[in-house]
Amino acid sequence: MDGKKLEYKGEEALKEIERLTMNADEVQESLLKQILTQNKETEYLKKYMKEETFITDLQEFKRCVPVISYEGIFPYIQRIANGEDSSLITGQPITEMLCSSGTSAGEPKLMPSIAEDLDRRTFVYNLIMPIMNQYVSDLDEGKVMYLYFVKAEKSTPCGLPARTVLTSYYKSKHFKCRTHDPWSDFTSPDQTILCNDINQSMHCQLLSGLIHRHQVLRLGAVFASAFLRAISFLERNWRALCDDIRNGQLSSFITDPSCRSSMSTLLSSPDPCLADEITKICNQKCWKGILCKLWPKAKYIEAVVTGSMAQYVPALQHYCEGKLPLVCTMYASSECYFGVNLKPLSDPHDVAFTLLPNMGYYEFIPLGHNGKLLMDFDENEKVPNDMLVDLVNVKLGCFYELVITTFAGLYRYRIGDVLQVVGYYNKAPQFRFICRRNVVISIDSEKTNEEDLHRSVTKAKKLLEPYDALLVEYTSYADTSSLPGHYVLYWEILHYGTKEDPLDPNVLQECCIAVEEELDYVYRRCRTNDKSVGALEIRLVEPGTFEALMDLFISKGASINQYKTPRCVKSKKALKLLKSKVMASFFSPRDPKWSVT
């Protein structure tokens, strides 16, 4: 495809965004009609609606079809996984089951997917570069070092593939047979991305990125956590990678035949000069700014940095010295790809997503207004059907829980994401991701959600900065083994000061106090007045602990692409691992001096 056609393709993509957002209400109504028409013979819909009113009365869908969480659709999914017909929930054959990340709610959930879902995902991917080209020039004049990984897939009892949404895409013809695009010229050969062994894949992909270091214009991974995992791998293994470059031979550690074959052309001859360049850069005590030194032409880092991933922003900025914008391009899940960021260079804290009205039918459970999150619905709590509002009827500043209806058989399904309306693009509202609804830590009547916990930790970790220390990662745990129960935070800290200048223990106690001061009124009342919550504890863990935690969840079925550190740990095995890595504990005062007002 020549340059003119690619430019035309970009213009057409932007025109399509305009068309969809200008006609958001019409597109949504038409989409719901299509879904109901295609799926009108399903057992699920017939249970709630009269067939003759499927298309003539869309309001009956909203009156009669219940709002559900995973438990409401799971029996049908389980029946299909065991061999019953897809017509239980959808008019099209279910081609695979997509596994959720499985780290916030325990075991991975299975989501039905049909063939045309891949077309919808590809549609969203194809919007990204036309949007980016409006803000960053000449991205077609170099290479892209995006670190992508697949997860070994399983099968349902009836033989349907069960895999992550990203593994599904990378193994599809949409990815493997894609037309060459100079804006997406990956450094990694496809065979290295498709390798099931994460360590072998990581080695080969980083090696490819280093070989092309002077051509790389973009860096990234799907989630910020995966990109930081790659930096950690590089920090441990750069000497071995340099040996491969110096000798022109791939390490014997790489045994995957496809990896060895695809890498042979990149390592066709020894390159001691390049190996010396990389050695000089990597052989330093502090890796601050290392990304800009290794890839001097890079223009930005692309990764999800919203929600729980916001924790990684300081670490990413540390490794690039704040010189590279952190770009979050899209909002997606295993259930549906929702929307795109039309201002990709915005600050991570200001990222807003425009939901594309042709991807699924959206409804919203109101949770608050005037910038305040006033209510919440437990995952198993029944939500009144008439409470939900449509996409074009949400209000600026208000909070909502997202509900989705899809072609693949999810009807009024609660995604579990809390969003806030922060603006509009044409007639389409724009949303800021706030948190996952069901990720909370609680001891008594107080309930701390992910956003509140993150805000509190963000304030506290600033106390580390004067001591050349950086909070790498954290999670929490509600310790009720003694009375009163108390919050436990597991912190992994990177201290790049000298051994002669260790981190003052008093600083960690101040961090405990800072976290508590930032938590809400109910928490502080429980601490001071009711005495129903004990002093907050920070447990300092060994370096590498959260990588080990990631490995544990991956071994249980999570994907490195989709892995998100659980902000509240409930798994017994995960807690056992964390407790085994504790180096020291610090508490806030038994009787805090701050007020509950």
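Source: prediction; values computed, not measured.

Reading the values: the criteria
Residues numbered from 1 in each chain as written. Predicted model: local features only at pLDDT ≥ 70, side-chain atom pairs only at ≥ 80, totals over all residues. Heavy atoms only, no water. Helix = DSSP H or I, 4+ residues; strand = E, 2+ residues; numbered from the N terminus. Buried < 20%, exposed > 50% of the residue type's maximum accessible area, 1.4 Å probe, protein only. Contact = heavy atoms within 4.5 Å. Salt bridge = Lys/Arg side-chain N within 4 Å of Asp/Glu carboxyl O. Pairing = 2+ DSSP bridges. Axes fitted to C-alpha atoms, helices over the stretch in contact; angles between N-to-C directions. Phe/Tyr/Trp six-rings, centres within 6.5 Å; stacked < 30°, edge-to-face > 60°. Lys NZ or Arg CZ within 6 Å of the ring centre and 35° of its normal. Core = buried A, V, L, I, M, F, W, Y, C linked by side-chain atoms within 4.5 Å. Parallel < 35°, antiparallel > 145°, perpendicular 65-115°, else oblique. Left-handed = near helix turned anticlockwise from the far one by under 90°. Nonpolar A, V, L, I, M, F, W, Y, C, P; charged D, E, K, R; others polar. Disulfide = S-S within 2.5 Å. Polar contact = N/O pair within 3.5 Å; in protein donor to acceptor, adjacent residues only side chain to side chain.

Draft legend 1. Highlighting the overall build of the protein. Across its full length, the protein holds 20 helices and 22 strands. With the C-alpha coordinates aligned to their principal axes, the bounding extent of the protein is approximately 75 × 70 × 45 Å. When each of the 597 residues of the protein is scored for burial, the buried share is 58%. Taking the intrachain contacts of the protein between residues at least 6 apart in sequence as the baseline, contacts between residues at least 24 apart amount to 71%.

Draft legend 2. Expanded view of the pattern of salt bridges. Taken as a whole and judged by the stated rule, the model has 30 salt bridges. Of the charged contacts in the structure, one is a salt bridge between R178 and D190, with a shortest N-O distance of 3.0 Å. Of this pair, R178 sits in the loop between α8 (173-176) and α9 (190-193) while D190 is found in helix α9, placing the two residues 12 residues apart along the sequence. Judged by its relative accessible area of 31%, R178 falls in the partly exposed class. Ionic pairing is found between R229 and D551, a salt bridge with its closest N-O pair at 2.6 Å.

Draft legend 3. Fine view of the pairing of strand β5 (residues 161-164). Two strands pair when backbone bridges link them, and strand β1 (residues 94-99) and β5 are joined in this way by 3 bridges, in the parallel orientation. Paired with L98 across the two strands is R163, which belongs to β5. Direction of pairing for strand β4 (residues 154-155) relative to β5: antiparallel, over a ladder of 2 bridges. Its bridge partner being in β5, K154 is matched across the sheet by A162.

Draft legend 4. Spotlight on the sheet that holds strand β14 (residues 399-405). Across the sheet, 8 strands lie side by side as β9-β10-β11-β16-β15-β14-β12-β13; this open sheet has antiparallel pairing. The open sheet has two edge strands with one neighbour each: β9 (330-332) and β13 (389-390). In the sheet, strand β11 (residues 353-355) pairs with strand β16 (residues 428-436) via 2 bridges, with the strands oriented antiparallel. Counterpart to T354 in the pairing with β16 is Q430. Along the sheet face, helix α6 (residues 115-132) touches β9 and β10 (337-340) and points at about 10° away from the line of β10.

Draft legend 5. Region of the structure containing the packing of aromatic side chains. Evaluation of the coordinates by the stated rule reveals 22 aromatic pairs. Ring plane angle 85° and centroid distance 5.6 Å describe the contact between Y125 and Y337, whose orientation is recorded as edge-to-face. Linking Y125 in helix α6 with Y337 in strand β10, this pair joins segments that are 212 residues apart in sequence. A residue is classified by how much of its surface remains accessible, and Y125, at 22% relative accessible area, is partly exposed. By relative accessible area, Y337 is classed as buried at 5%. Each member of the aromatic cluster is reached from another via a ring pair, and the members are Y125, Y146, Y148, Y169, Y170, F175, F186 and Y337. Directly above the aromatic system of F175 lies the positively charged group of R178, at a separation of 4.1 Å from the ring centroid. Above the face of the Y474 ring, R567 is positioned so that its terminal group lies 4.4 Å from the ring centre.

Draft legend 6. The arrangement of the sheet that holds strand β3 (residues 143-147) in detail. Overall, parallel pairing links the 4 strands, which are arranged β3-β6-β7-β8 in an open sheet. Each end of this open sheet is capped by a strand with a single partner; those strands are β3 and β8 (326-327). Direction of pairing for strand β6 (residues 216-223) relative to strand β7 (residues 300-304): parallel, over a ladder of 4 bridges. Paired with L219 across the two strands is I301, which belongs to β7. Of the strands in this sheet, β3, β6 and β7 touch helix α11 (residues 224-247), which is tilted by about 120° from β6.

Draft legend 7. Expanded view of the side chain of T306. Relative to the elements of secondary structure, T306 occurs in the loop between β7 and α15 (313-320). We classify T306 as buried; its relative accessible area is 13%. Apart from the residues within four sequence positions on either side, T306 is in contact with C328, P348, V351 and F353.

Draft legend 8. Structural view of helix α18 (residues 521-528). Those residues of α18 not exposed but buried are Y523, R524, C526, R527 and T528. In this fold, the buried residues of α18 make contact with β20 (486-495) and α17 (505-518).

Draft legend 9. Just the nonpolar core, in detail. I73, L219, L291 and W295 are the most contacted members of the largest nonpolar core, which has 160 residues in total. At 12 residues, the largest contribution of residues to this core is made by α11. Those residues in contact with W295, other than ones at most four positions away along the chain, are M145, G209, L210, R213, V216, L219 and L234. One finds I443, A460, C512 and I538 within the second-largest nonpolar core, a separate group that totals 30 residues.

Draft legend 10. Layout of the pairing of β14. The buried count for β14 comes to 7 of 7 residues, which makes it a mostly enclosed element. Relative to β14, strand β12 (residues 361-368) is paired through 7 bridges, and the arrangement is antiparallel. Bridge assignment links P366 to a residue of β14, and that residue is Y400.

Draft legend 11. Summary view of the packing of α11 against helix α13 (residues 272-282). Between α11 and α13, the least distance of the axes is 8 Å, while the angle of their chain directions is 165°. In terms of orientation, α11 and α13 fall into the roughly antiparallel class. Crossing geometry of α11 relative to α13 is assigned as left-handed. Residues W238, C242, I245 and R246 of α11 pack against P272, L274, A275, D276, I278, T279 and C282 of α13. Its residues assigned to classes, the contact of α11 with α13 shows 8 nonpolar, 1 polar and 2 charged.

Draft legend 12. Quick look at the state of the cysteines. The full count for this structure, using the stated rule, is 0 disulfides. Here C511 stays unpaired: no disulfide links it, and the sulfur of C512, its closest cysteine neighbor, is 7.1 Å away.

Draft legend 13. Examining the packing of α11 against helix α19 (residues 545-555) more closely. Contact geometry of α11 with α19 gives a least axis separation of 12 Å together with a crossing angle of 120°. The chirality of how α11 crosses α19 is left-handed. Judged by residue contacts, S225, R229, S232 and R236 of α11 engage E547, M550, D551 and I554 from α19. Here the contact of α11 with α19 is built from residues that sort into 2 nonpolar, 2 polar and 4 charged.

Draft legend 14. Local environment of the environment of D117. Along the chain, D117 turns up in helix α6. The buried category is assigned to D117, whose relative accessible area is 11%. Taking the C-alpha atoms as reference, D117 lies 43 Å from S580; in sequence the two are 463 residues apart. Dropping the residues within four chain positions of it, D117 is found in contact with P112 and A408. Here the side chain of D117 touches S113 through a polar contact of 3.3 Å, side chain to side chain.

Coordinates in, geometry out; function isn't part of it.
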